[in-house]
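Tertiary structure, described
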Amino acid sequence: MIAIALFGVLVTVLYLYGQYRFRMGEKQFPPTGEFITVEGIKLHYISKGEGKPIVFLHGGVLTGNDFAQVLELAAASGYRGISFDRPGYGYSERPENEPVTPKMQARLLHQALAKLGIEKPILVGHSWSGVLVLTYALEYPDDLSGVITLGAGMYPEGYPAEKGDPISTVVTTPVLGDALMNTLLAVLGPPLADNILKETFKPEQVPDGYRQATYAYWLRPSQFKANREDVLAFVPAVKDLMGRYKEIKTPLVIVVGADDPFETREHSYRLHQELPTSTLIVEPHMAHMIPQNHPDVVMKAVETFHLLVFSHPLES
């Protein structure tokens, strides 16, 4: 009985500590944008500038704030930059009534952009969102100007969860996953996050403040679960989608770092071979986290896109 009582106390302490850490993180990093609701789902987005719209979609760890520096550069260059927290990340809600696949996320994004009156944007997808922007291009080909991928994942080969992911499987298990996240994530999460950041940014450095933001956002049970659901959803989605890539007719610019530690390099080369009308940009001495460490490269890709499509840069 004493052992059971002590276990109960330990679980309670871990739960309360976790809730405290989660709340403190949200106070440290409050929402900085606006909200729009589609299909009953509230989505958070940041908008900067006026002009041709560019929609930025982050990868699998943090939020639309990944593009904070890019948004400032876009606004200064005469564009309107819009960066969304994908469903379940940052301050965007995540649907619970159906599986949240890339196709569903594309549908929510399409409705949000229509509601905001944003017509024919350029879509920019980093890392995991490569599959999202390509899905959008196939589902809504007449409702965008083109696509830019940044170190994007677009094929199953080499993806970290290509053959399954034990952590994601446990986290997404009903009841058990929620119980573990609400008691252990605040304690075990920081070293796990440190390792993820090291592997994701290498051989480059993690920017100042990014680690703290990761602790605040990614280690919340809701966002951690959303991330692990997306990890598991990636491979089935690309296997279903990749056979249709050759149908994409929209202008496409593919950007990848020569020092990217992931298979996204091979994914970028492969997509360019499948779509020879696309433009491939391989940036030397650049790794995977392009929006965070190389915001200027993102805007360079936008200008390359504009030159290719319109034969002259946007007049600011």
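Structure shown above.
Residues numbered from 1 in each chain as written. Predicted model: local features only at pLDDT ≥ 70, side-chain atom pairs only at ≥ 80, totals over all residues. Heavy atoms only, no water.

1. Some remarks on the overall build of the protein
Counting secondary structure elements, the protein contains 11 helices and 8 strands. Taking 2.2 N^0.38 as the reference for a compact globule, 316 residues should give roughly 20 Å; the C-alpha atoms of the protein span a radius of gyration of 20 Å, in line with that estimate. Across its three principal directions, the C-alpha atoms of the protein cover 75 × 40 × 40 Å. Counting only contacts in the protein whose residues sit at least 6 apart along the sequence, the fraction spanning at least 24 positions is 77%. Just so you have it, the protein exposes about 14200 Å², and 58% of that area is on carbon and sulfur atoms. (Helix = DSSP H or I, 4+ residues; strand = E, 2+ residues; numbered from the N terminus. Rg over C-alpha atoms; globule rule 2.2 N^0.38 Å. Contact = heavy atoms within 4.5 Å. Areas by Shrake-Rupley, 256 points an atom, 1.4 Å probe, with all protein chains shown as cover.)

2. Some details on the packing of helix α3 (residues 102–115) against helix α4 (residues 129–139)
For the pair α3 and α4, the least separation of the axes is 9 Å and the interaxial angle reads 65 degrees. Classified by the angle between their axes, α3 and α4 sit roughly perpendicular to one another. Two packed elements cross with a definite hand, and for α3 against α4 that hand is right-handed. From α3, P102, K103, Q105, A106, L109, H110 and L113 reach across to α4, where they touch V131, L132, T135, Y136 and E139. By residue class, the composition of the contact of α3 with α4 is 7 nonpolar, 3 polar and 2 charged. (Axes fitted to C-alpha atoms, helices over the stretch in contact; angles between N-to-C directions. Parallel < 35°, antiparallel > 145°, perpendicular 65-115°, else oblique. Left-handed = near helix turned anticlockwise from the far one by under 90°. Nonpolar A, V, L, I, M, F, W, Y, C, P; charged D, E, K, R; others polar.)

3. Observations concerning a nonpolar patch on the surface
Taken together, the side chains of Y17, Y20, M24, V170, L176, L180, L184, V187 and L188 make up a nonpolar region of the molecular surface, amounting to roughly 760 Å² of accessible area. Breaking the nonpolar patch down by element, the ones donating at least two residues are α1 (2–28) and α6 (176–201). In terms of residue count, the dominant contributor to the nonpolar patch is α6 (5 residues). Accessibility expressed as a relative area gives 49% for Y20, which makes it partly exposed. (Patch = residues over 30% accessible without salt bridge, like charges linked within 9 Å, V, L, I, M, F, W, Y side chains within 5 Å. Salt bridge = Lys/Arg side-chain N within 4 Å of Asp/Glu carboxyl O. Buried < 20%, exposed > 50% of the residue type's maximum accessible area, 1.4 Å probe, protein only.)

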